[in-house]
Amino acid sequence: MKTGIQSWLDERFGFSNITKFLKEKTVPQHKHSIWYYTGSAILLFFTIQVITGFMLVFYYKPTLEGANESVARIMTEVPLGWIIRSVHSWSASFMIAFVFIHLLSTWLTKSYRNPRELTWMSGVFLLAVSLLFGFTGYLLPWDDLSLSATKVGTDIPRSIPLVGVWATKLLRGGGDVTGDTLTRFFGFHVSILPVFIFILLAVHIYLIQKQGMSLPLAAEGKKEKVREIPFWPNFVYREMIVWLLLLGILFSLAIFFPPSLDKAAELMAPAPEGIRPEWYFLFLFQTLKIFPAKVLFLNGDTLAVFLILIAGILFFFLPLIDNKPAERKGRIITIIALVLIMYAVVMTVWSLL
Amino acid sequence: MKLKHSLFTRRQFLNGLLGGWLGALLASFLYPVIKFVFPPTREPDQVILPFADFRDMGPNSVENFLWGSKPGILKKNDDGSYLAFVGVCTHLDCNVGYLPNQRKFFCACHDGWYDENGLNIGGPPPRPLRCLAVSIEGEDLIIKREGGERVED
């Protein structure tokens, strides 16, 4: 039954199309259904990031003089500030972790194939924006670790021909990492990247609704119909159970293991020992570390950056490279995914030794 | 409509004109945006420091100074002469430190090593530390770019 206000609004907005769609939407049930929950888990952590981000920005000061001190104030003086920062930091890690899981599930079930190429590509952009959120956020507390990580990270694009030097300057706001870099990173983190992520999310989610949930290869080939459950309320209730579990884990970790804050970074001091980036960049960090100074006639770091760049481009175009008919298994693609996972794990563990 | 010997129609010509004009307009909007986003960063031609601050350095020790927005490292050798470097690793731009006991410069980011003369001897650094020219004139310690060349960032 619609009340007067509801029907008045509906005549103007046409909400009923959307509610009708959501009421009729179904989610397939099969042995790979668990991966469907990763997308909404990412949205959960993203929402937490937005809310805690709004709160942190009330006290944070994005300047050379004020940044470290303001984070210290959030951690010590602001009522419950330490929990808010801790949740923001942990939820960022969780979000990235689930982005990786979401991505690997899409890769291994080959869900990126026709007609979902653009869903994959918008997803790769979302991955890039998520990593940039992490990278820019890492600098904001302005301690020794974050400064060195930013110096390295912003120097990496320099090896790319033509645009590299400009990319480094664009990120740093000049030739070197300075107070301007901090202010600029704050701008990226709280105004530019959010615009991009909302647009990309809208495209990504629209495409998923438009094309329906992807069925894994095993289920797609079968003649008999796959069992389906209604999206509302059955699937949403199941998702809520997952969210509650994840929130429990998140808050427990945030309360018992809050992030540290070192003394304010000094721009001219030597890099401290034991610097490392966030865990999701460790495999890249270790790759850069083990490349020798010269490989044949090339600089080691130039070569490493090139390889990473080529891998990124191939990764983006994966749906066009593996465009076999849906029923083909694509064993090589699966093996490549497994090799990459092994590489990332080995490099990450190595960098922690 | 197209004239007999013309390569394109009137419509194409007008569209090209309009498109070119729009492109030029867009470029004129983009130019100030790009100028704004990339601030100029000029490396200093020279840095003049009071020599009195550095006279009492022991042999095989270093002091820091500001070389524009980068850290500079002034090192006193065993024979009393001075060397100056831009104290930035040639691998990925981290600040290096000097370890007097080992007589080496060290970059902690990716384990890069340089000998006491700034030569890259271990780890990923592809080039020696950038050397600067040191001269003492009266009470001033003057540090200039080696050979006078400007290195672009």
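Here, every reference points to the structure presented above.
What you see is a predicted model; the values in this text were computed from it and never measured. (Residues numbered from 1 in each chain as written. Chains lettered and ligands numbered in written order. Predicted model: local features only at pLDDT ≥ 70, side-chain atom pairs only at ≥ 80, totals over all residues. Heavy atoms only, no water.)

**Comments concerning the overall build of chain A**
Part 1: Each helix and strand counted, chain A has 15 helices and four strands in total.
Part 2: The C-alpha radius of gyration computed for chain A amounts to 23 Å, which stays within 12% of the reference 20 Å derived for 353 residues, consistent with globular compactness.
Part 3: Taken over the C-alpha atoms alone, chain A extends approximately 65 × 55 × 40 Å along its principal axes.
Part 4: Burial status across chain A gives 44% buried among its 353 residues.
Part 5: Partitioning the intrachain contacts of chain A with sequence separation of at least 6 by distance along the chain shows that 78% fall at a separation of at least 24.
Part 6: Accessible area of chain A: about 19,500 Å², with a carbon and sulfur share of 73%.
Part 7: Looking at chain A, you have 31 positive and 23 negative side-chain charges, and the mean spots of the two groups are 10 Å apart. (Helix = DSSP H or I, 4+ residues; strand = E, 2+ residues; numbered from the N terminus. Rg over C-alpha atoms; globule rule 2.2 N^0.38 Å. Buried < 20%, exposed > 50% of the residue type's maximum accessible area, 1.4 Å probe, protein only. Contact = heavy atoms within 4.5 Å. Areas by Shrake-Rupley, 256 points an atom, 1.4 Å probe, with all protein chains shown as cover. Lys, Arg positive; Asp, Glu negative; His and termini not counted. Charge placed at Lys NZ, Arg CZ, Asp CG, Glu CD.)

**Thoughts on the environment of A:Trp243**
All names here are of chain A.
Part 1: Take Trp243: it is sitting in helix H11 (residues 231–256).
Part 2: Here Trp243 falls in the partly exposed class, since its relative accessible area comes to 26%.
Part 3: With 202 residues separating them in the primary sequence, Trp243 and Ala41 have C-alpha atoms 6.6 Å apart.
Part 4: Contact partners of Trp243, with chain neighbours within four places excluded, come to Ser40, Ala41 and Leu44.

**Focus on the nonpolar core**
Within soluble globular proteins, side chains that are nonpolar tend to cluster in buried spots.
Part 1: Within the largest apolar cluster, 56 residues are counted, with the highest numbers of intra-cluster contacts made by A:Phe45, A:Tyr60, A:Trp107 and A:Trp120.
Part 2: Those elements that place two or more of their residues in this core are helix H3 (36–56), helix H4 (67–76), helix H5 (81–108), helix H6 (117–139), helix H9 (179–211), H11, helix H13 (300–316) and helix H15 (331–352) of chain A.
Part 3: Sort the elements by how many residues they give to this core and H6(A) lands first, with ten residues.
Part 4: Among all residues touching A:Phe45, those that are not within four sequence positions of it are A:Ser91, A:Phe94, A:Met95, A:Phe98, A:Leu246 and A:Leu250.
Part 5: A:Ala271, A:Phe291, B:Ile73 and B:Val96 belong to the second-largest nonpolar core, a separate cluster that totals 20 residues. (Core = buried A, V, L, I, M, F, W, Y, C linked by side-chain atoms within 4.5 Å.)

**Points about the pattern of salt bridges**
Part 1: Tallied over the full model, the rule gives 16 salt bridges over all chains.
Part 2: Notably, a salt bridge pairs B:Asp93 with A:Arg172, separated by 2.8 Å at the nearest N-O pair. Of this pair, B:Asp93 sits in the loop between strand S4 (82–86) and strand S5 (97–99) while A:Arg172 sits in helix H8 (residues 164–172), on two different chains. Taken as a pair, B:Asp93 and A:Arg172 share a single burial class, namely buried.
Part 3: The partner of B:Glu116 in a salt bridge is B:Arg103, with the nearest N and O atoms 3.0 Å apart. (Salt bridge = Lys/Arg side-chain N within 4 Å of Asp/Glu carboxyl O.)

**Comments concerning a nonpolar patch on the surface**
Part 1: A surface patch of nonpolar side chains, about 810 Å² in accessible area, is lined by A:Ile5, A:Trp8, A:Leu9, A:Phe13, A:Phe15, A:Ile18, A:Phe21 and A:Leu22.
Part 2: For A:Phe15, a relative accessible area of 40% puts it in the partly exposed group. (Patch = residues over 30% accessible without salt bridge, like charges linked within 9 Å, V, L, I, M, F, W, Y side chains within 5 Å.)

**Digging into the sheet that holds strand S8 (residues 120–122) of chain B**
Across a sheet, paired strands are connected by hydrogen bonds in the backbone, their directions being either parallel or antiparallel.
Residues and elements named next belong to chain B.
Part 1: Taken in spatial order, the four strands line up as S5-S6-S7-S8 in an open sheet, and their pairing is antiparallel. The open sheet is flanked by S5 and S8, the only strands paired with a single partner. On average, each strand axis in the sheet is tilted by 40 degrees relative to the strand beside it, whichever way the strands run.
Part 2: Relative to strand S6 (residues 104–107), S5 is paired through three bridges, and the arrangement is antiparallel. Paired with Gly97 across the bridge in S6 is Phe106. (Pairing = 2+ DSSP bridges. Axes fitted to C-alpha atoms, helices over the stretch in contact; angles between N-to-C directions.)

**Here we look at empty space enclosed by the protein**
Part 1: Here the structure, examined in full by the defined rule, presents two cavities of 30 Å³ or more.
Part 2: Here the largest cavity is characterised by a volume of approximately 70 Å³.
Part 3: Around the largest cavity sit A:Asp144, A:Leu147, A:Ser148, A:Lys151, A:Glu266, A:Ala269, A:Pro270, A:Ala271, A:Pro272, B:Cys94 and B:Asn95, which together line it.
Part 4: Class assignment of the residues belonging to the lining of the largest cavity gives a composition of six nonpolar, two polar and three charged.
Part 5: In this structure, the second largest cavity encloses a volume near 40 Å³. (1 Å grid on protein atoms, 1.4 Å probe; cavity = no way out; pocket = protein on both sides within 12 Å on 5 of 7 lines; lining within 4 Å. Points joined across faces, edges and corners; volume = space filled by probe spheres on them. Nonpolar A, V, L, I, M, F, W, Y, C, P; charged D, E, K, R; others polar.)

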